[in-house]
Each structure stands twice: as C-alpha cells, then as structure tokens.
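This is what each chain is made of:
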Amino acid sequence: MNEQKSFMLEAVKLAGMALDNNHGGPFGAVIVKNGKIIAQGYNQVIKTNDPTAHAEILAIREASKILNTYDLGECEIYTSCEPCPMCLAACHWANIRKIYYSNTRKDAENIGFKDNLMYEELKITTNNRLTRIEIPEALEIFKKWKQKPNKIIY
C-alpha cells in the first residue's frame, strides 16, 4: 500500500471513531509533515456543542500546538471528505500546501450534510445573511493596522 493511501485510511478510521462514538459526523483528518502523521482530528460537533469542531479544524489546532506555529506550510492534510468551505478556508489560512480527500461534497450532501449548499451559497454575491453596516470606526482600526510597524502578517 502506498503512503498516501495509508494516510487516507487513517483519516477514514478517525471518521469511523466519530461515527461509532456519536461525537459528530463521519469525518476524519490527519496532518502529515515529512512523511509522518503529526496531528489528527475527527468531527466532534455533537460531543462539544461546537459547530466549528470539524475534523480538519481540530487537526489544524493540534498541529499548530505541536509545531508551535500558525504556519503549516510544510504540511499536507488527508481528510475523509472534501472539506467544507470553513475547513477549506482554515487550510488556506494555515498555509497547508496540499489537501487530499476521499468522499466528495456531493457524497456528504447525500447523507444529509450541507457542505455543497454552502459552496453554492458562496457563489452568490449578495444574500439575506450578509448585510454590511458601515461605520468609520471600523475602517480606522484597519488604517491603524496598516500603519503599525511591528505587525505580524499571517
């Protein structure tokens, strides 16, 4: 068995743990650096009552803690399902260099998850959930950030 398939099987095993323990949806993820699994996560939305406790998010949090950095640019993630938009964004924020997945967002939709619906909603430029309340104070904070000499860009 090749290394990539082995990592994916680990992610799928974690998805099974979420399912078997009723901790959340059937999703698992592992983060790999230099050919070794350094972090893992499985969906724990139900267990924690945290709608952001997705497998990828928990794995990213663990990897960041272990490596003591927010930049996971030397890492890859293997996830049992195509990441939802939140998890995909988190992977990008963490600079994860490659995302491997098995099941698709349509597969997730077929078992009752709204990943695909969220992807479709992101295509819409305006909707009833997104309303701007423009106040000058908010822009002032951005101006101060831009001028801050010791800021750390991430």
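Remember, it's a predicted structure, so these values are computed and weren't measured experimentally.

Colleague: Explain the pairing of strand β3 (residues 75-81) to me, and be specific about the residues and the numbers.
Modeller: Counting buried residues along β3, 7 of its 7 residues qualify, which places the element largely inside the surrounding structure. Pairing of strand β1 (residues 28-33) with β3 involves 5 bridges; the strand directions are antiparallel. From the neighbouring strand, V32 faces β3, where its bridge partner is E76. The pairing of β3 with strand β4 (residues 98-103) spans 5 bridges and is parallel. Residue pairing for β4: Y78 is matched across the bridge by Y100. Read as a crossover between parallel neighbours, the route from β3 over helix α4 (residues 85-93) to β4 is right-handed.

Colleague: If you had to explain the nonpolar core to someone new, which residues and values would you point to?
Modeller: Counting residues in each nonpolar core, the largest one holds 20 residues, and the members touching the most others are I31, I60, L72, I77 and I96. Top element by residues in this core is helix α3 (residues 55-67). It accounts for 5 residues. Filtering out sequence-adjacent residues up to four positions away, I77 remains in contact with A29, V30, I31, E56, C91, I96, K98, I99 and Y100. The next biggest cluster of nonpolar side chains, apart from the first, holds 10 residues, and it includes F7, L14, V30 and Y42.

Colleague: Could you give an account of a nonpolar patch on the surface, naming the residues involved and the relevant values?
Modeller: On the surface, a cluster of nonpolar side chains totalling about 550 Å² of accessible area is made up of Y70, W93, I152 and Y154. Relative to the elements of secondary structure, I152 occurs in the segment after α7 (136-147).

Colleague: I'd like a description of the pairing of β1, backed by residues and values.
Modeller: For β1, a buried count of 5 out of 6 residues is recorded, marking the element as mostly surrounded by other parts of the structure. Alignment of β1 against strand β2 (residues 36-42), held across 6 bridges, turns out to be antiparallel. Residue pairing in the sheet places G28 in a bridge with Y42 of β2.

Colleague: So what about α7? Which residues, and what values?
Modeller: For α7, built from 12 residues, the straight-helix expectation of 16 Å at 1.5 Å per residue is met to within 8% by its first-to-last C-alpha distance of 17 Å. The buried fraction of α7 is low, at 0 of 12 residues.

Colleague: Requested: an account of the packing of aromatic side chains, with residues and values cited.
Modeller: Taken as a whole and judged by the stated rule, the model has 3 aromatic pairs. Between F7 and Y78, the ring centres sit 5.2 Å apart and the planes meet at 55°, which makes this aromatic pair tilted. With F7 in helix α1 (residues 3-20) and Y78 in strand β3, this pair connects stretches of sequence that are 71 residues apart. Note on Y78: relative accessible area 2%, which makes it buried. For the pair Y78 and Y100, a centre-to-centre distance of 4.5 Å together with 15° between the ring planes defines the contact as stacked.

Each value, and the rule that gives it
- Residues numbered from 1 in each chain as written.
- Predicted model: local features only at pLDDT ≥ 70, side-chain atom pairs only at ≥ 80, totals over all residues.
- Heavy atoms only, no water.
- Buried < 20%, exposed > 50% of the residue type's maximum accessible area, 1.4 Å probe, protein only.
- Helix = DSSP H or I, 4+ residues; strand = E, 2+ residues; numbered from the N terminus.
- Pairing = 2+ DSSP bridges.
- Right-handed = clockwise from strand over helix to strand, strands pointing away.
- Core = buried A, V, L, I, M, F, W, Y, C linked by side-chain atoms within 4.5 Å.
- Contact = heavy atoms within 4.5 Å.
- Patch = residues over 30% accessible without salt bridge, like charges linked within 9 Å, V, L, I, M, F, W, Y side chains within 5 Å.
- Areas by Shrake-Rupley, 256 points an atom, 1.4 Å probe, with all protein chains shown as cover.
- Salt bridge = Lys/Arg side-chain N within 4 Å of Asp/Glu carboxyl O.
- Expected span 1.5 Å × (residues − 1).
- Phe/Tyr/Trp six-rings, centres within 6.5 Å; stacked < 30°, edge-to-face > 60°.

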